[in-house]
Amino acid sequence: MTGILASGTATVSAGETFAFWLLGGLCVLGALGMLFSRKAVHSALWIATTMVSLAVLYLVNAAPFLSMVQIIVYTGAVMMLFLFVLMLVGVDASDSLVETIKGQRLAAVVAGITFGVLLVAGVGGLVVNQVVGLQTPTEAAGGNVQAIARLIFGRYVLAFEVTSALLITAALGAMVYTHRERLVRKPTQRMLSEARFRSDSVPRTPLPSPGVYANHNAVDTPALLPDGSPLLDSVPVPFQVEGAARTFRTADGRAVTATFSADDADGEGTA
Amino acid sequence: MNPINYIYLSAVLFSIGAFGVLFRRNAIVVFMCIELMLNAANLAFVAFARINGTLDGQVVAFFVMVVAAAEVVIGLAIIMSIFSVRRSASIDDVNLLRS
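Bear in mind that the values here come from a model prediction, so they are computed numbers and not experimental data.

Novice: Just give me the short version of the overall build of chain A, but keep the residues and values in it.
Specialist: What chain A contains, in helices and strands, is nine helices and five strands. Starting at the N terminus, the α and β elements of chain A follow one another as α-α-α-α-α-α-α-α-α-β-β-β-β-β. Taken across its 271 residues, chain A has 25% of its residues classed as buried. A sequence separation of at least 24 residues applies to 46% of the contacts in chain A between residues at least 6 apart.

And the structure:
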């Protein structure tokens, strides 16, 4: 911990310079990767790289508390939420290339580059004569977390209270937005059962179980009908692979071959 | 190295995020770009806190994170509710208010 507290001093060490260029490069790489990934999942992974690199940069800048919060809140909670929604929306959802507004992409490129140049030029006007460093306030409070706690529960306590109201509102809002009113009554078990017995397509009895033979008892081995032909319906649906053939030997020594065709249940068996 | 480099990095990241908001059509990726801009602002806050020698910047960055978390929750809920109606996460498909 002393190593962390020692960082964020007024002077910049060679190690920090190295960390800055390495992590800064990773940050920009992750941001560009997010920008130019065709798939949204790849974008999410790239920006997670950026966020973790930023967390380490916070650590370098004498903000160990923010660094941990960054990892827990951003890469832990926010990115999980993003990936969760991505899985719900569809992983392969990628951007359309249709321009709704003519020339919007070009205008976006021009605007983005101009904005970046202006921002960097504006920052370039800043003059940092001397870096004060965070050693004095941190050591006065006995540590970074203690110093931040003093500020949050002291000078910024009102903002902190308002934050709790914001979080509750956000949670309620999310529930309201994703809640869907049921249009029809939820079917009970009795209604489902009656519907099943009235329909012709759903079997009313349990399906027959797969066959068990002296040499074969795998679930993809069909049972035998009274006439000696295999009953393909007795094989669980996931094993009814089109074109799959299963040869097995019955008790009286006959070799039976069951082949599943495209409309699964109607495959043929040869004795 | 001058700590002002952190501000330059923050400006670059913010520009990439702003460009992404204009460029990408997938609503979720647009949201990620907004998150990137918030992160860039946080980096600037942390760097300024160190330059000025006060911890207020770190506290503000902490509040930004809280607001960002709330914003993500609401934004993704809106995306989900739009998706459940329109079956699409593209921001071009949300044009009900257009005549």
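Here the narrative resumes.
Novice: For the environment of I148 of chain A, give the residues involved together with the corresponding values.
Specialist: Note that I148 of chain A resides in helix 7 (residues 144-152). Note on I148 of chain A: 25 C-beta atoms within 10 Å, which makes it buried. Setting aside its immediate chain neighbours within four residues, I148 of chain A contacts F65 of chain A together with L55, Q58 and V59 of chain B.

Novice: Give a description of the interface of chain A and chain B that names residues and reports values.
Specialist: At the junction of the two partners, chain A supplies 71 residues and chain B supplies 64 residues. If you list the elements that add at least two residues to the side of chain A that touches chain B, you get helix 2 (14-36), helix 3 (40-60), helix 4 (64-89), helix 5 (104-124), helix 6 (135-141), helix 7 and helix 8 (157-178) of chain A. Across the side of chain A that touches chain B, the residue classes tally to 53 nonpolar, 15 polar and three charged.

Novice: Now, about helix 2 of chain A: what can you tell me, with residues and values included?
Specialist: Quick reminder: α-helices carry 3.6 residues per turn. Residues three or four places apart thus point the same way. For helix 2 of chain A, which comprises 23 residues, the first-to-last C-alpha distance of 33 Å matches the rise-based estimate of 33 Å (1.5 Å per residue) to within 8%. If you follow the buried residues of helix 2 of chain A, they end up packed against helix 3 of chain A together with helix 1 (4-23) and helix 2 (27-52) of chain B.

Novice: Tell me about the domain arrangement of chain A, residues and numbers included.
Specialist: By the assigned domains, chain A splits into domain 1 (11-94), domain 2 (134-179) and domain 3 (209-270). Placing a centre on the C-alpha atoms of domain 2 of chain A and another on those of domain 3 of chain A gives a separation of 65 Å.

Novice: Run through the pairing of strand 4 (residues 255-259) of chain A, naming residues and quoting values.
Specialist: Both faces of the sheet carry side chains from a regular strand, because those side chains alternate between them. Residues and elements named next belong to chain A. Where burial is concerned, the two faces of strand 4 differ: the one with V256 and A258 is buried and the one with A255, T257 and T259 is not. Inspection of the sheet shows strand 3 (residues 245-249) paired to strand 4 by five bridges, in the antiparallel sense. Residue pairing in the sheet places T247 in a bridge with T257 of strand 4. Hairpin connection between strand 3 and strand 4: a loop of five residues separates the two successive antiparallel strands, and G253 in this loop has a positive phi of roughly 90°.

Novice: Requested: an account of helix 7 of chain A, with residues and values cited.
Specialist: For helix 7 of chain A, the full list of buried residues reads N144, A147, I148 and L151 of chain A. Burial along helix 7 of chain A is one-sided: seen end-on, the buried residues are contained in an arc of 95°.

Novice: Got a sec to walk through the nonpolar core? Specific residues and values, please.
Specialist: A general feature of soluble globular proteins is that nonpolar side chains tend to end up buried together. L13, I28, M32, L43 and V46 of chain B are the most contacted members of the largest nonpolar core, which totals 79 residues. Put simply, the parts of the chain that give this core at least two residues each are helix 2, helix 3, helix 4, helix 7 and helix 8 of chain A together with helix 1, helix 2 and helix 3 (56-86) of chain B. Examining the composition of this core, we find that 17 residues originate from one element, helix 2 of chain B, more than from any other. No fewer than three residues from each of domain 1 (11-94) and domain 2 (134-179) of chain A sit in this core. Counting six residues, the second largest nonpolar core, distinct from the first, contains L232, V256, A258 and F260 of chain A.

Novice: Please set out the packing of helix 4 of chain A against helix 3 of chain B residue by residue, giving values where relevant.
Specialist: The N-to-C vectors of helix 4 of chain A and helix 3 of chain B enclose an angle of 5°; their axes lie 11 Å apart at closest approach. Considered as vectors, helix 4 of chain A and helix 3 of chain B are oriented roughly parallel to each other. On helix 3 of chain B, the residues that touch L66, V69, V73, A77, V78, L81, V85, L88 and V89 of chain A of helix 4 of chain A are Q58, A61, F62, M65, A69, V72, L76, I79, M80 and F83 of chain B.

Novice: An account of the packing of helix 2 of chain A against helix 1 of chain B is needed here, citing residue identities and associated values.
Specialist: Helix packing geometry: the angle between the two helix axes and the distance between the axes. At a minimum axis separation of 10 Å, helix 2 of chain A and helix 1 of chain B run at an interaxial angle of 5°. Here helix 2 of chain A lies roughly parallel to helix 1 of chain B, going by the angle between them. Where helix 2 of chain A abuts helix 1 of chain B, its residues F20, G24, C27, V28, A31, L32 and L35 of chain A lie against N5, L9, V12, L13, I16 and G20 of chain B. Looking at side-chain class alone, the contact of helix 2 of chain A with helix 1 of chain B contains 10 nonpolar, three polar and no charged residues.

About the cut-offs
Residues numbered from 1 in each chain as written. Chains lettered and ligands numbered in written order. Predicted model: local features only at pLDDT ≥ 70, side-chain atom pairs only at ≥ 80, totals over all residues. Helix = DSSP H or I, 4+ residues; strand = E, 2+ residues; numbered from the N terminus. Buried ≥ 20, exposed ≤ 12 C-beta atoms within 10 Å, placed from the backbone. Contact = placed C-beta atoms within 7 Å. Nonpolar A, V, L, I, M, F, W, Y, C, P; charged D, E, K, R; others polar. Expected span 1.5 Å × (residues − 1). Domains from an automatic or database assignment. Pairing = 2+ DSSP bridges. Arc of directions from axis to C-beta. Core = buried A, V, L, I, M, F, W, Y, C linked by C-beta atoms within 7 Å. Axes fitted to C-alpha atoms, helices over the stretch in contact; angles between N-to-C directions. Parallel < 35°, antiparallel > 145°, perpendicular 65-115°, else oblique.

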